[in-house]
Amino acid sequence: MSRIATTFARLAGTARKALIPFFTVGDPQLEMAVPIMQALVAGGADILELGVPFSDPMADGPTIQRSSERALSNGVTLTDVLAVVAEFRQTDTLTPVVLMGYANPIERLGFATFARHAQAAGVDGVLVVDYPPVEARRFKETLSQVDIDTIFLLAPTTTETRIQEIAQLATGYLYYVSLRGVTGAATIDVEAVAAQVARIRRQATVPVGVGFGIRDGETARCLGEVADAIVVGSRLVETIESSSKGELLGNVEGLMREFRHALDNAS
Amino acid sequence: MNAIEKVFEYDMPDSQGYFGPYGGAFMSETLVAAIDELKHQYERYRQDPEFLAELTYELKHYVGRPSPIYHAKRLTAQLGGAQIYLKREDLNHTGAHKINNTIGQAMLARRMGKRRVIAETGAGQHGVATATVAARYGMQCVVYMGSEDVHRQAQNVYRMKLLGAEVVPVESGSKTLKDAMNEAMRDWVTHVDETFYIIGTVAGPHPYPTLVRDFNAVVGRECLTQMPDLIGKQPDVVLACVGGGSNAMGIFYPYIPHESVRLIGVEAAGDGLSSGRHAASLSAGIPGVLHGNRTYLLQDAHGQIIETHSISAGLDYPGVGPEHSWLKDCGRASYEAITDEEALHAFHSLCRLEGIIPALESSHAVAQAMKMAPTMSPEQVLLVNLSGRGDKDMATVAERSGLLL
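*Asks:* Please explain the nonpolar core as it appears in this structure.
*Replies:* One broad trend across soluble globular proteins is that nonpolar side chains are buried collectively. If you look at the biggest cluster of nonpolar residues, it comprises 190 residues, and the most contacted ones within it are Leu-99, Phe-114 and Leu-174 of chain A together with Phe-252 of chain B. Look past the residues within four positions of Leu-99 of chain A in its chain and what remains in contact with it is Leu-50, Val-52, Leu-78, Val-81, Leu-82, Val-85, Phe-114, Val-123, Gly-125, Val-126 and Leu-127 of chain A. Leu-239, Leu-315, Ile-338 and Ala-346 of chain B belong to the second largest nonpolar core, which has 31 residues in total.

*Asks:* Even after reading the chapter, I still don't get helix α3 (residues 62–73) of chain A, so can you show me in this structure?
*Replies:* Note: α-helices contain 3.6 residues per turn, so residues at a spacing of three or four share the same orientation. Compared with the 16 Å implied by 1.5 Å per residue over 12 residues, the 16 Å span of α3 of chain A between its first and last C-alpha is a close match. Taken together, the buried positions of α3 of chain A are Thr-63, Ile-64, Gln-65, Ser-67, Ser-68 and Ala-71 of chain A. Buried residues along α3 of chain A sit against β1 (18–24) and α11 (234–242) of chain A together with α8 (177–190) of chain B. One or two steps after α3 of chain A, the chain reaches Gly-75 of chain A, where phi turns positive at roughly 75°.

*Asks:* I tried to follow the packing of aromatic side chains on my own but got confused; where do I start?
*Replies:* The geometry of an aromatic ring pair is captured by two quantities: the separation of the ring centres and the angle between the planes. Residue and element names in this part refer to chain A. Scanning the entire structure with this criterion turns up 16 aromatic pairs over all chains. Look at Phe-8 and Tyr-173: their rings are 6.0 Å apart centre to centre, the planes differ by 55°, and that puts the pair in the tilted class. With a gap of 165 residues between them, Phe-8 in helix α1 (residues 3–13) and Tyr-173 in the loop between α8 (160–169) and β7 (174–177) connect regions that are remote in the sequence. A relative accessible area of 10% places Phe-8 in the buried class.

*Asks:* So what exactly am I meant to see when it comes to the sheet that holds strand β5 (residues 116–121) of chain B here?
*Replies:* Residues and elements named next belong to chain B. Taken in spatial order, the 4 strands line up as β7-β6-β5-β8 in an open sheet, and their pairing is parallel. On the outer flanks of this sheet lie β7 (166–170) and β8 (195–197), each paired with one strand and no other. Neighbour-to-neighbour, the strand axes of the sheet open up by a mean angle of 25°, direction not taken into account. Here 3 bridges tie β5 to β8, and the two strands are oriented parallel to one another. Opposite Val-117, over in β8, you have Phe-196 as the bridge partner. This element, helix α5 (residues 125–137), spans β5 and β6 (140–146) of the sheet and lies at about 165° to β5. Against the sheet, α8 engages β5, β6, β7 and β8, with an angle of about 160° to β5.

*Asks:* It is not clear to me how α5 of chain B should be interpreted in this structure. Could you clarify?
*Replies:* All names here are of chain B. With 13 residues, α5 extends 18 Å between its outermost C-alpha atoms, agreeing within 8% with the 18 Å of an ideal straight helix rising 1.5 Å per residue. With 11 of 13 residues buried, α5 lies mostly within the body of the structure. Listing the buried residues of α5 in full gives Gln-125, His-126, Gly-127, Val-128, Ala-129, Thr-130, Ala-131, Thr-132, Val-133, Ala-134 and Tyr-137. Among the structural elements, α2 (49–63), α4 (98–111), β5, β6 and α7 (154–162) are those in contact with the buried residues of α5.

*Asks:* What is the right way to look at the sheet that holds strand β10 (residues 262–270) of chain B in this model?
*Replies:* Sheet strands line up and pair through hydrogen bonds in the backbone, either parallel or antiparallel. Residue and element names in this part refer to chain B. Strand order in the open sheet formed by 6 strands is β3-β4-β14-β9-β10-β13, with mixed pairing between adjacent strands. One side of each edge strand has no neighbouring strand; the edge strands of this open sheet are β3 (69–71) and β13 (333–339). On average, adjacent strands in this sheet sit at an angle of 30° to one another, irrespective of strand direction. In the sheet, strand β9 (residues 237–241) pairs with β10 via 5 bridges, with the strands oriented parallel. When the sheet's bridge partners are listed, Val-238 is paired in β10 with Leu-263. Strand contacts of helix α10 (residues 218–231): β3, β4 (83–88) and β14 (381–386), with the helix running at about 135° to β4, the strand carrying the most contacts. Contacts from helix α15 (residues 360–372) reach β4, β9, β10, β13 and β14 within the one sheet, and its direction differs from that of β9 by about 145°.

*Asks:* Please clarify how the environment of Phe-252 of chain B should be interpreted in this entry.
*Replies:* All names here are of chain B. Considering the arrangement of structural elements, one finds Phe-252 in helix α11 (residues 246–252). The buried category is assigned to Phe-252, whose relative accessible area is 0%. Residues Phe-252 and Val-219, spaced 33 residues apart in sequence, show a C-alpha to C-alpha distance of 8.8 Å. If we skip the residues at most four places from it in the chain, Phe-252 touches Val-238, Ala-240, Leu-263, Ile-264, Gly-265, His-324, Leu-327, Ala-333 and Tyr-335.

*Asks:* In this structure, what is going on with the side chain of Thr-94 of chain B? I would like to understand it.
*Replies:* When you line up the elements, Thr-94 of chain B lands in the loop between β4 and α4. When neighbours within four sequence positions are excluded, Thr-94 of chain B is seen to be in contact with Ile-99, Gln-125, Val-128, Ala-129, Thr-132 and Arg-159 of chain B.

*Asks:* Is there a simple way to think about the pattern of salt bridges in this case?
*Replies:* A side chain of one charge can pair with a side chain of the opposite charge when the charged atoms of the two come close. Residue and element names in this part refer to chain A. For the structure on display, the rule yields 38 salt bridges over all chains. Between Asp-46 and Arg-260 there is a salt bridge, with its nearest N and O atoms 2.7 Å apart. In this pair, Asp-46 is assigned in the loop between α2 (33–42) and β2 (48–51) and Arg-260 in helix α12 (residues 248–264), connecting sequence segments 214 residues apart. Accessibility assignment for this pair places Asp-46 and Arg-260 in one class, buried.

*Asks:* So what exactly am I meant to see when it comes to the interface of chain A and chain B here?
*Replies:* Much of the literature gives interface size as the accessible area that the parts lose upon coming together. Taken residue by residue, the interface counts 36 residues in chain A and 38 residues in chain B. Three residues stand out in chain A for area buried against chain B, namely Met-58, Arg-108 and Glu-135 of chain A, and they jointly supply 23% of the buried area on that side. Between Lys-178 of chain B and Asp-56 of chain A there is a salt bridge, with its nearest N and O atoms 2.9 Å apart. Contributing elements (two or more residues each) for the side of chain A that touches chain B: α3, α5 (103–109), β6 (152–154) and α8 of chain A. For the side of chain A that touches chain B, the leading source of residues is α5 of chain A, giving 5 residues. Here the side of chain A that touches chain B is composed, by residue class, of 20 nonpolar, 7 polar and 9 charged.

*Asks:* Before we go on, may I ask you to explain unusual backbone geometry in this structure?
*Replies:* Trans is the common state for peptide bonds, and a negative phi is the common state for residues other than glycine. Along the chain, Asp-27 of chain A connects to Pro-28 of chain A via a cis peptide bond; the corresponding omega equals 5°. Tracing the sequence through the fold places Pro-28 of chain A in the loop between β1 and α2. The peptide bond linking Arg-65 of chain B to Pro-66 of chain B adopts the cis configuration, its omega dihedral lying at 0°. Within the secondary structure, Pro-66 of chain B sits in the loop between α2 and β3. The phi angle at Thr-94 of chain B is positive, at roughly 75°, despite the residue not being glycine. Classification of Thr-94 of chain B by relative accessible area gives buried; the value is 8%.

*Asks:* Help me out: how do you make sense of the packing of α2 of chain B against α5 of chain B in this one?
*Replies:* When two helices pack together, their arrangement is given by the angle between the helix axes and the distance between those axes. Residue and element names in this part refer to chain B. The N-to-C vectors of α2 and α5 enclose an angle of 110°; their axes lie 14 Å apart at closest approach. Overall, the two elements α2 and α5 adopt an arrangement that is roughly perpendicular. Note on element contacts: α5 touches α2 through Thr-132, Arg-136 and Tyr-137, opposite Glu-54, Glu-58 and Tyr-62. In terms of residue class, the contact of α2 with α5 is made up of 2 nonpolar, 1 polar and 3 charged.

Rules behind the numbers
Residues numbered from 1 in each chain as written. Chains lettered and ligands numbered in written order. Predicted model: local features only at pLDDT ≥ 70, side-chain atom pairs only at ≥ 80, totals over all residues. Heavy atoms only, no water. Core = buried A, V, L, I, M, F, W, Y, C linked by side-chain atoms within 4.5 Å. Buried < 20%, exposed > 50% of the residue type's maximum accessible area, 1.4 Å probe, protein only. Contact = heavy atoms within 4.5 Å. Helix = DSSP H or I, 4+ residues; strand = E, 2+ residues; numbered from the N terminus. Expected span 1.5 Å × (residues − 1). Phe/Tyr/Trp six-rings, centres within 6.5 Å; stacked < 30°, edge-to-face > 60°. Pairing = 2+ DSSP bridges. Axes fitted to C-alpha atoms, helices over the stretch in contact; angles between N-to-C directions. Salt bridge = Lys/Arg side-chain N within 4 Å of Asp/Glu carboxyl O. Buried area = accessible area lost by both parts, 1.4 Å probe. Nonpolar A, V, L, I, M, F, W, Y, C, P; charged D, E, K, R; others polar. Parallel < 35°, antiparallel > 145°, perpendicular 65-115°, else oblique.

Written out as structure tokens, the structure reads:
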């Protein structure tokens, strides 16, 4: 069983929900990526989503755009991100790691090279924001040959037919984008999201996570009652952005604890 | 069509929006439903007689079509070679070819019940053309424009505001056209239910490259009948500048089956291709994925999009429409690059010899014609798409000449 499936099975056994933080590798510095990952796990994160910086992050709001720009100004590349995962794996062989980014850096490296290096580094899943399923066929095949999951997005605008189609293709988990907008946008309508997630779960054979616009423990707790996983992105990136070097790891761990606590008090 | 003329078989794109390996629909799931809806509606209206009749009426009475073709005799005489003809898209309402497309998309938006339109703009011509049709149809209009371009094209910014549009300066990335497009996509994702995104070039996720091409193809269709009327034959070469490539696709597309007509797209070489400061995606790029399609892109070794440079804001784009990528690879069209200096020289030549002030974008195509004409015989004919007028470029040209307006 893959690390992602093992993690969800373990959580289901204790009726807990997965906490999935997202941050951009290379922000504030490349050397901080592994310590941040370790702090996230120490604070209670179950799966880590690592942002691969891109020059044109069309689906991201200002917070993650800025973090991507900082990482790029530090010269961080996809190859660096893979090296970060390999280094993290020296001390943590259990926590699943998912890469999230845009198609072009992966295409530049080439599918086969990317898949080989990602497997060697210990990557468990990849989410390419601008690969809807129809454009992801060959990519998904390449990744499945090295047992890496392709994670797909679902949106409030996704039709019932498409939910069925995507649910059938899904590996790892499905990621429900909880609002019409970019990452880090305004607060979400918890009841509407809950209804949608319930609808998706009826079709899905893999766990369903919710992200975009989850800014506090209370929202996480409410959504944790219906979803299998909660993704916290912009809020974490803001914490990284506003923390001094000395307090960064403590703040990151503290934020995870806050969400962990809220999630574990769900249901 | 003449029976002895060789015909190039062409039926692009396929049902998934692919031109060979280029095109497609690469976007976040959030936009898939909106794109599917657009695809469906466009399929319906592109063959709807009532829609097409209204479009023809608008193009005639609002835009002023057909635009004339003008024989640039003094320019031809000075160069001493092939005859140079200009397709006068600069004479359209709003001063460029861009309105051919914005009228068509605004008519689609109305039929789809969208009351709000958004657009990205580089030189401001597409922004002005969008603001114009939004005013014409009583729609709310927001235009995204790189803050760098807001400075370069202050007059067009004011024109858009006069027309009732909100102009949003974009501060992210290189602060030019590509970043304006990113921001327009973000707006669209956020307001997808009530908003129609009027893309200004033959790029973006399928069906945009096809739709924008089709609305601009009126340019080439007119040439197909105007040239025989004028000179009894089709031109030997058709030239057009290429940023995203909408005016070029507009004039190329109807000529694709006419195999004897050479098609040449002209990119912006900026300070020169070897300087690294240019915007020539087809001449110097590598295929990749940006803004919803796979196409030639200016990118670094790690797949990051690199900043471009051109004196003309409308060509300052690191990608190009996917159909151009295909026409390049299959050899039906070829692509050249013209530097800022060469474009400026062509700009001044057309001003002084023909009394026509061309847009800096279109000046690139004129410059390529000026390079080729002396190497050809006087019986041969070059047809240049003069895609826009240069009123918007006064400040840029004056500054390059050391003047301050």
